[in-house]
Structures are given as structure tokens and as C-alpha cells.
Amino acid sequence: MITEADLLAKVPDRLFIGGAWVASTSGRSIDVRDPATGRVLKRIADASVADGAAALDAAVAAQDDWATTPARVRGEILRKAFDLLQERKEEFALLMTIEMGKPLAESAGEVAYGGEFLRWFGEEAVRISGHYGSNPEGTGTMIVTQRPVGPSFLITPWNFPLAMATRKIAPAIAAGCTSVVKPAALTPLTTLYFAKLLDDAGLPAGVVNVITTSATSEVSSPIIADPRLRKLSFTGSTPVGVSLLKQAADGVLRTSMELGGNAPFVVFEDADLDQAVAGALLAKFRNMGEACTAANRFIVQESIAAEFADRVTAAVSALVVGRGTEDGVNIGPLIDQKAVAKATALVDDAVARGATVLTGGSAVDGDGTFYQPTVLTGVARGSDILREEIFGPVLAISTFTDEDDAVAQANDTQYGLVSYVFTRDLARGQRMIEKLQTGMMGLNVGVLSNAAAPFGGIKQSGLGREGGSSGIHEYLETKYTLTANPFA
Ligand code: NAP
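Residues numbered from 1 in each chain as written. Predicted model: local features only at pLDDT ≥ 70, side-chain atom pairs only at ≥ 80, totals over all residues. Heavy atoms only, no water.

Examining the site of the ligand
Then, number 1: Around the ligand, a shell composed of 29 residues is seen, among which Thr 156, Arg 167, Thr 216, Ser 237 and Glu 389 lie nearest.
Then, number 2: Take Leu 259: an N or O atom from its main chain is 2.8 Å from a nitrogen atom of the ligand.
Then, number 3: Within the residue set of the shell around the ligand, elements represented by two or more residues are helix 6 (163–175), helix 8 (216–225), strand 10 (231–235) and helix 9 (238–250).
Then, number 4: Classifying every residue of the shell around the ligand by side-chain character gives 15 nonpolar, 10 polar and four charged. (Near = heavy atom within 4 Å. Polar contact = N/O pair within 3.5 Å; in protein donor to acceptor, adjacent residues only side chain to side chain. Helix = DSSP H or I, 4+ residues; strand = E, 2+ residues; numbered from the N terminus. Nonpolar A, V, L, I, M, F, W, Y, C, P; charged D, E, K, R; others polar.)

Listed below in C-alpha cells is the structure:
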């Protein structure tokens, strides 16, 4: 196993523009820290507005050649990148753990998941198709083709540093779009190391460009306002997504928005409780709860609420908190002090309104930004924790009386990303599929993401879908041509 120091030495510390690693012109740098210790891991380039413009110039310059590069070649580069990622999987897992905090086993899971987008979209590249046929009147021939949208700006969050990048970069490459990628300043190292991997896989210069910056809005806004940009794909919080949509409106950009969530986790009295508890652990504590898909509200039928709470508390009390590199750790640090303060405020508010703490309930003293795995029960309606994304290891239980009450509570949010339902009754499960207002649903499962599935939300959780056969269409536009009837 490579040492952390040797790995960090291999990660580029510059911007990746036009196929070259270039210094920033800002004169500033970003210190990337380990959230488990607060220690600086690496100092990297901090892009200026001019660097952002240079990255877009490079993407624009590469666009025409990339759009006409055969789909098979685009697909094979993605396949090569997939293979290289398998060779470097331990390095990527370690890098994510030290810059983001998640336990190594979860980072390994993210490498597997994130890598699948390379393989999936490598396969999809050669399946881009159209339509050729007579119009209904028989007066002409209709030709429908799919064209790459063009230069794209891809903005990613810190919580899944690899998978959120590959979920955008792979379909863009497959579709024939060039891009500028901007990872979060808190966890940029994985994306920089991934750009190196793409370079090693033979991706031509300028097809993917990566800028890291602390001047996020200042650098991003001119890129979004540039008329040569044709697409904005964003994963992050709803308020930032709303602000970016407003900016994108001026250029009538194609947009994909993967935004925040407030997932209900509904447990009916006929559920298999072992299955529900195992699902709860996954849906809530994976990634320390820092996932848009994290179960935010546990809505449990009154008759089994006490038993569910007891069982889940026993499991949560056994979770081990520590630096993600250590053996046996289940819960790493939260990303920063702000995240700890948010979890603290939400728990305190719930308790002030009558909730009971069954385990945990506070931050962990000492270095690093740790919060104890927590279970709350009796969470009252109106508590902030039921309205806001917790983004921390806090499981909040409230109760419902009957199916209508469960549906009403589950849908009582502006978000609509994912829901989880546990029941043994298939007909009830099917009714919930129809009634719950979310883009995705897990029925008796606590985790459902898959590169082959369309990931995305409704309501204020976003626009568009990533992954599956829909994912590549986010980077394609439809062109229709009518030709005169050759027999007329
Ligand atoms: P965030 O604060 O919205 O940031 C996301 C990205 O946007 C980062 O790269 C950030 O850069 C950048 N950004 C922030 N302000 C910007 C601006 N004015 N202009 C351009 N870019 C800007 O979200 P986060 O805290 O990183 O991520 C957590 C959020 O993402 C949660 O709400 C979570 O639910 C959501 N999420 C959604 C999905 C999904 O698929 N639906 C997946 C993962 C996460 P800097 O941080 O460097 O400033």
C-alpha cells in the first residue's frame, strides 16, 4: 500500500488547461486539509478569472475536433480510463479518505461506483442514434440526429469527489463535448488526480480542463456568461443551484441540476424490521450522512416505532468513530466545523421541541470535525431537522398513523430527490411508488445508486438525470432535417 506522503506527491498541484499542467496567474494558493486532523495535505493552485477564461478557451478550441472524433475512439478512451482506475483504485480510495474523511471501505465503494460511469458511458458512446423516415404526409424525409451540445461547465461538490466528477465527465466525453471542470475547493485533489488519469488514458488536449479556485463565484460567473459556453451541469446545494440557473438563463444554456434532498425513510408495521434497520444504517450513516440521498426523516408507523428505535439504537451505538484510514472505523469526520455546527444546531432545536436523544447527541471534542452517530426519537413536527438537510450522522425518528398520513408527511417538503419505503406488502409498495413525490425510490433497500440507472430529483432537488441511458442525452441535442421527397 502506498504511503500518504508518496501518494500526495503524485497528485498534481496545478491547473489542467489545454492538456498541460499550468500555474495559476492569481498568485494565491489553496491549502487542502485533512478534516480528521486539520493538517494541510497539499497546497494547490488557486485559479484567477483569467485562468478560468483560459480553460474555457482550451475547451472551445478542442470542441470541433472532439465532436468529429469517432464515437468508438471516444468510447475506447473511456474504457482505458476505467482500466487505469482499476489499477489505481487503492490510491484513489486513500486520496478520497484523507481529503474528504469517509472510511476507506466506503472510498473503495465510491471508486467502484465512480468507475462504472467510465465503463457505462464508454459503451453508450457508440449507441448515440437518430431516426430516418418518411413524414406522415409522404412529402419528404425526416432525418433526426443527435449532436454534442458543445463546451460544458461541470461544477461538482465535495461529498463524493470521484463519483460526482465521473458522472458528468464521462457522458460529456462520450457525447463529444469538451468541458471545464470545477471541483469543490475542499476536496479538489481527487479531481486533479483523475485529470492525470484521463491524460494517461490518451484523452486529447483540451477535451477536459480542470480549474481549482477559492474565488468560486468570481471565476465561475464569467464562464457561465461567455456565449461560447453551451451547457452547465451542477451538483450541489439548492440555493447555489437556483443562483446558477438564473445566471444560465441569460445565455439560455442547457442545464443539469443535481441539488439537495430531504429523503423520507418510511417504515410500515408490516416491514421486515431486520431489513429496515440494515437499510437505515446504509441510508443514514454511509458517507457520515453527507449524501444528497441520505435519509433525513425516519417516519415510522406508531405501532412499531419503539421497537425500530431500540434496534436501530443498538446498531448505531456500535458504530466506531475515527479517521477513515483506521481499521474498523465506520464514521469519519464531517467535512468542516460549519457542518458540525449545523448538526449541533439541528439536534439542539429538535431536543428543545421535545425529542429524546437515544444515543450520541453532540460533537466529539479534540482535533478534527467529528460528530457522534446519533439517534433521536419523538421528533416533533415543525422541528428544523425535518425541514433542512442534516448532512451529518443524525437519525431522527417521528411517527405516522396510517398510509395517508405517511404519504402526507413524506411529501411535506420542497425537495424530491429520493425516498425509502419498507413494507412486505407489494401492493402498498406500488401505491407508494405512485404517491411519493421523488425522482427515485428504494423499496426495501437503503442504497440504490447505479451507473446504469437515471439518477435525479424532482421539485427543488433538480433538473435532468445523470447515469443510465438518459445521462448521455444531457450532453446531446436533437437536430431535425426535412429533405424533399426524392420521388416527387
Ligand atoms: P455547494 O456549496 O452548493 O457547492 C457545490 C459546488 O458549487 C462546489 O464546487 C462549490 O465550490 C460550487 N459553488 C458554490 N457557490 C458557487 C457559485 N456562486 N458559483 C459557482 N459555483 C459555486 O454544495 P456542497 O456543500 O459542496 O455540497 C453539498 C450539497 O450538494 C448538498 O445540498 C447535497 O444534497 C448536494 N448534492 C446533490 C447531489 C445530487 O446528485 N442531487 C449529489 C451530491 C451532493 P466551492 O465549494 O469551492 O466554493
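Let's talk about unusual backbone geometry
Then, number 1: The backbone phi angle of Met 288 is positive, close to 60 degrees, even though this residue is not glycine.
Then, number 2: For Met 288, a relative accessible area of 0% corresponds to the buried category.
Then, number 3: For Lys 459, which is not a glycine, the phi torsion comes out positive at approximately 50 degrees.
Then, number 4: Within the element layout of this structure, Lys 459 appears in strand 20 (residues 458–459).
Then, number 5: Look at Lys 459 and you get partly exposed, because its relative accessible area is 34%. (Buried < 20%, exposed > 50% of the residue type's maximum accessible area, 1.4 Å probe, protein only.)

A short note on helix 4 (residues 89–100)
Then, number 1: Relative to the 16 Å expected for 12 residues at 1.5 Å per residue, helix 4 spans 16 Å between its end C-alpha atoms, a close match to the ideal helical length.
Then, number 2: Of all the 12 residues making up helix 4, 10 are buried; the element is thus mostly covered by neighbouring parts of the structure.
Then, number 3: Buried within helix 4 we find Glu 91, Phe 92, Ala 93, Leu 94, Leu 95, Met 96, Thr 97, Ile 98, Glu 99 and Met 100.
Then, number 4: Lining the buried residues of helix 4 we find helix 1 (4–10), strand 3 (29–33), strand 4 (40–45), helix 3 (71–87), helix 5 (104–124) and helix 7 (189–200).
Then, number 5: Two residues or fewer after helix 4 comes Gly 101, characterised by a positive phi angle close to 110 degrees. (Expected span 1.5 Å × (residues − 1). Contact = heavy atoms within 4.5 Å.)

Here we look at the sheet that holds strand 22 (residues 476–484)
Then, number 1: Read from one edge of the open sheet, three strands run 5-6-22, paired in antiparallel fashion. Looking at the sheet topology across the chains shown, the edges are occupied by strand 5 (131–134) and strand 22. Direction aside, neighbouring strands of the sheet carry axes that sit 15 degrees apart on average.
Then, number 2: Summarising the sheet, strand 5 and strand 6 (residues 140–148) pair through four bridges and their orientation is antiparallel. Counted as the bridge partner of Tyr 132 is Ile 143 from strand 6. (Pairing = 2+ DSSP bridges. Axes fitted to C-alpha atoms, helices over the stretch in contact; angles between N-to-C directions.)

Regarding the nonpolar core
Then, number 1: Among the nonpolar cores identified, the biggest contains 114 residues, and Phe 265, Val 267, Phe 308 and Ile 385 are the most heavily contacted of them.
Then, number 2: At nine residues, helix 6 tops the list of elements feeding residues into this core.
Then, number 3: For this core, the domains that each give at least three residues are domain 1 (4–259 + 461–479) and domain 2 (263–451).
Then, number 4: When sequence neighbours within four positions are dropped, the list of residues in contact with Ile 385 reads Asn 296, Leu 346, Ala 350, Leu 376, Val 379, Ile 390, Val 394 and Ala 396.
Then, number 5: Listed in part, the 24 residues of the second largest apolar core include Leu 15, Ile 17, Ile 211 and Leu 253. (Core = buried A, V, L, I, M, F, W, Y, C linked by side-chain atoms within 4.5 Å. Domains from an automatic or database assignment.)

Let's talk about the packing of aromatic side chains
Then, number 1: Taken as a whole and assessed by the stated rule, the structure comprises 10 aromatic pairs.
Then, number 2: The interplanar angle of 35 degrees and the centroid separation of 4.6 Å between the aromatic rings of Phe 265 and Phe 298 together place this pair among those described as tilted. Within this pair, whereas Phe 265 is found in strand 12 (residues 263–267), its partner Phe 298 is found in strand 13 (residues 295–301), the two being separated by 33 residues in sequence.
Then, number 3: On the basis of relative accessibility, which here comes to 0%, the residue Phe 265 falls in the buried class.
Then, number 4: For Phe 298, a relative accessible area of 0% corresponds to the buried category. (Phe/Tyr/Trp six-rings, centres within 6.5 Å; stacked < 30°, edge-to-face > 60°.)

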